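# Breakdown of the fold
Chain by chain, the residues:
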Amino acid sequence: GEAVLAGPISEVFGLGAAYNALVILSFVASAYFVYRLARLYGVSRSGSCVAGFLFAFCPYRFGHLGALNQLQTQFIPLGLFFAVRFLRTERLRYGMGAALTLAVQSYFGWYSTFHLLAALVVLLVWEVVREPGRWRRLPWRKATPLALMSAALAVPSALPYVLQRLAMPEFDRPFSETVRLSADLLDYFRVTSDNILAQLIPVLGRDWSGFFPGLMATGLAAVAIAAVCRAQPKPTHSESPSGRATVLERARAAIRGWGAMGYFPILCVSGLVLSLGPILQVAGHRLWIPLPYALCYYVVPGFSSMRTPARFAILGAWATAVLAGRGFDTLRRRYPRLGSAFLLGTLVGAGALAWCPDLPFVRYADRASMPPVYGWLAAQL
């Protein structure tokens with residue numbers, strides 16, 4: 001996918017320019033599609049702008065600057081945008097958009113394909129839970145052929161991997177490697193070692209797995225969650241000797257209070273749990289507590305092909321950014337005199353805390369400076 005998109009740029013300006021264009025595009029597109037998604041959930045224009053900025057410049061993305069396919073995170077919010085519109089309107093064009101986005105994502109990176117699939121499953125579960133009888137009213141007749149179409153379009157990119165796995169049993173990722181490359185619970189309190197916070201406080205830095213969503217994003221998301229919790233409606237009283245009815249009523253009241261926006265805290269927790277991999281790890285110690293990823297590894301097709309479960313942390317970063325947009329709106333309504341200065345201060349503060357003074361740059365090697373092995377490989381084609 002990246003090669004097709006950057007092909008014209010590569011032909012005119014060279015491969016180095018094409019690579020840089022893809023990196024910059026990933027920031028712009030990721031920010032814009034999160035902006036559109038936040039607007040769909042009722043966040044203001046300025047709050048949605050904050051959400052998009054916080055996602056595009058989150059520590060996770062900076063920690064993966066050396067992995068071009070992991071930077072192409074724009075299809076995750078885009079696919080969800082179409083899916084939400086499809087569930088709300090049942091219009092075929094939005095269903096087609098979600099199906100095509102999922103298929104296109106498979107050509108840009110299989111990791112994010114599973115990330116988008118997980119986000120869609122969580123969305124479906126949340127819609128069913130928060131609205132009784134929703135399961136029967138879902139547009140299954142339209143969704144089923146669209147899902148089959150998306151799977152068919154993804155076959156050309158998946159087939160070579162399937163054939164290689166059949167030919168070489170050792171091609172599969174071993175369970176031990178999956179455990180090794182899962183997130184540690186403390187990674188959510190760390191940033192990439194290039195981040196300015198890690199430069200000031202070295203204990204906060206880690207080479208590749210700093211999954212802290214960022215100070216501004218976390219703070220604003222906490223404001224949004226606190227505001228919703230304060231506005232929760234009180235459940236009706238129907239006490240029972242066991243107390244079970246009261247607990248159930250409170251749960252239902254909480255779900256109604258969150259509304260559609262309650263999807264994002266659930267998605268954040270889901271991404272965190274999946275990123276921890278098959279076994280819980282804390283401070284480098286394996287506690288041998290099985291997690292849902294262990295079941296997915298053996299039951300869900302394709303999960304065993306992913307070497308790094310930690311990358312599911314992108315779902316948490318994305319959900320936190322949207323919640324931060326809602327938190328921004330809450331503070332702006334509470335302090336209306338701050339106006340545009342609050343927006344500018346939020347963006348500047350988030351940019352400063354996301355800044356990495358020592359970004360790794362690699363000079364693009366031309367044909368004259370490439371190692372001879374590449375010339376030999378070219379001659380074999």
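So, here's what we can say about the structure. (Residues numbered from 1 in each chain as written. Predicted model: local features only at pLDDT ≥ 70, side-chain atom pairs only at ≥ 80, totals over all residues. Heavy atoms only, no water.)

## Considering the overall build of the protein chain
Basically, it comes down to this: Numbering of helices and strands runs from the N terminus; a helix is a DSSP stretch of H or I covering at least four residues, while a strand is a stretch of E covering at least two. Radius of gyration: C-alpha atoms only; globule rule: 2.2 Å multiplied by the number of residues to the exponent 0.38. Burial classes follow relative accessibility: with a 1.4 Å probe on protein chains only, a residue under 20% of its type's maximum area counts as buried, one over 50% as exposed, and anything between as partly exposed. In this description, contact between two residues means that some pair of their heavy atoms is separated by no more than 4.5 Å. Here the open area of atoms and residues is found with the Shrake-Rupley method and a 1.4 Å probe, where only the protein chains shown may cover a residue.
Broken down by element type, the protein chain carries 19 helices and four strands. Here the C-alpha radius of gyration of the protein chain, 22 Å, is about what a compact globule of 381 residues would show, namely 21 Å. Out of the 381 residues in the protein chain, the part that is buried amounts to 45%. A separation of at least 24 residues holds for 71% of the contacts in the protein chain among residues at least 6 apart in sequence. Total accessible area on the protein chain stands at roughly 20,200 Å², and carbon and sulfur atoms take up 67% of it.

## Let's talk about the packing of aromatic side chains
Convention followed: When the centres of two rings from Phe, Tyr and Trp lie within 6.5 Å, Trp using its six-membered ring, the rings pair. Their planes under 30 degrees apart give stacked, over 60 give edge-to-face, and anything left gives tilted. Geometrically, a charge over a ring is one whose NZ (Lys) or CZ (Arg) sits within 6 Å of the ring centre while staying within 35 degrees of the ring normal.
Under the counting rule described, the total for this entry stands at 18 aromatic pairs. Ring pairs connect the aromatic residues Phe27, Phe53, Phe57 and Phe62, which therefore count as one cluster. It is Arg88 that lies over the ring of Tyr41; its NZ or CZ is 5.2 Å from the centre. Over the ring of Tyr111 we find Arg311; its NZ or CZ atom is 4.7 Å from the centre of that ring.

## Considering the pattern of salt bridges
Worth spelling out the cut-off: A pairing counts as a salt bridge when a side-chain nitrogen of Lys or Arg comes within 4 Å of a carboxyl oxygen of Asp or Glu.
Here the structure, examined in full by the defined rule, presents four salt bridges. A salt bridge links Arg130 to Glu127, with the shortest nitrogen-to-oxygen separation between them at 3.7 Å. Here Arg130 and its partner Glu127 are both found in helix 8 (residues 110–130), three residues apart, which amounts to about one turn of the helix. Assessed through its relative accessible area of 9%, Glu127 is described here as buried.

## Details of the nonpolar core
Our working rule: We define a nonpolar core as any set of buried Ala, Val, Leu, Ile, Met, Phe, Trp, Tyr and Cys residues linked to one another through side-chain atoms lying within 4.5 Å.
If you look at the biggest cluster of nonpolar residues, it comprises 68 residues, and the most contacted ones within it are Tyr263, Phe264, Phe312, Leu315 and Trp318. Examining the composition of this core, we find that twelve residues originate from one element, helix 17 (residues 313–334), more than from any other. Apart from residues no more than four positions distant in its own chain, Phe312 is found in contact with Phe114, His115, Ala118, Gly271, Leu274, Ser275, Tyr293, Phe303 and Met306. Counting residues in each nonpolar core, the second largest holds 13 residues, with Leu22, Leu65, Leu71 and Cys356 among its members.

## A closer look at empty space enclosed by the protein
As a reminder of what qualifies: Within this scheme a cavity is a closed region of a 1 Å grid, computed over the protein atoms alone, that accommodates a 1.4 Å probe without allowing it to escape, whereas a pocket is open but has protein on both sides within 12 Å along at least five of seven lines; lining residues each have an atom within 4 Å of a point. Grid points are joined across faces, edges and corners, and a volume is the space filled by probe spheres set on the points. Polarity classes work like this: nonpolar for Ala, Val, Leu, Ile, Met, Phe, Trp, Tyr, Cys and Pro, charged for Asp, Glu, Lys and Arg, and polar for all others, with Gly in that last group.
With the rule as written, the count across this model stands at one cavity of 30 Å³ or more. One number sums up the size of the largest cavity: a volume of about 130 Å³. In terms of lining residues, the largest cavity is bounded by 17 residues, among which Pro59, Pro213, Gly214, Ala350 and Ala354 are the most central. For the lining of the largest cavity, the secondary-structure elements that each account for two or more residues are helix 3 (45–56), helix 13 (215–230) and helix 18 (339–354). Partitioning the lining of the largest cavity into residue classes produces 15 nonpolar, two polar and no charged.

## A word on a nonpolar patch on the surface
Basically, it comes down to this: Any residue with relative accessible area above 30% and no salt bridge may belong to a patch, with like charges joined within 9 Å and the nonpolar Val, Leu, Ile, Met, Phe, Trp and Tyr side chains within 5 Å.
A cluster of nonpolar side chains, Leu15, Tyr364, Met370, Val373, Tyr374, Trp376 and Leu377, forms an exposed patch at the surface whose accessible area comes to about 710 Å². Within the secondary structure layout, Met370 lies in the loop between helix 18 and helix 19 (372–380).

## Focus: unusual backbone geometry
Despite not being glycine, Ala283 has its phi angle at roughly 55°, a positive value. Within the element layout of this structure, Ala283 appears in the loop between strand 3 (279–282) and strand 4 (285–290). The class of Ala283 is partly exposed, set by a relative accessible area of 43%.

## Details of helix 18
Side chains three or four residues apart in an α-helix point the same way, a direct result of the helix having 3.6 residues per turn. Convention followed: Here, expected helix span is obtained from the residue count minus one, scaled by 1.5 Å. This arc corresponds to the set of directions leading from the helix axis out to the C-beta atoms.
An ideal rise of 1.5 Å per residue puts 22 Å on 16 residues; helix 18 measures up with 23 Å between its terminal C-alpha atoms. Buried within helix 18 are the following residues: Gly339, Phe342, Leu343, Thr346, Ala350 and Ala354. The buried residues of helix 18 occupy an angular sector of 105° when the element is viewed end-on, so they sit on one face. Exposed residues lying more than 90 degrees from the buried face of helix 18 are Ser340, Ala341, Leu344 and Val348. Contacts made by the buried residues of helix 18 are with helix 3, helix 4 (59–63), helix 13 and helix 17.

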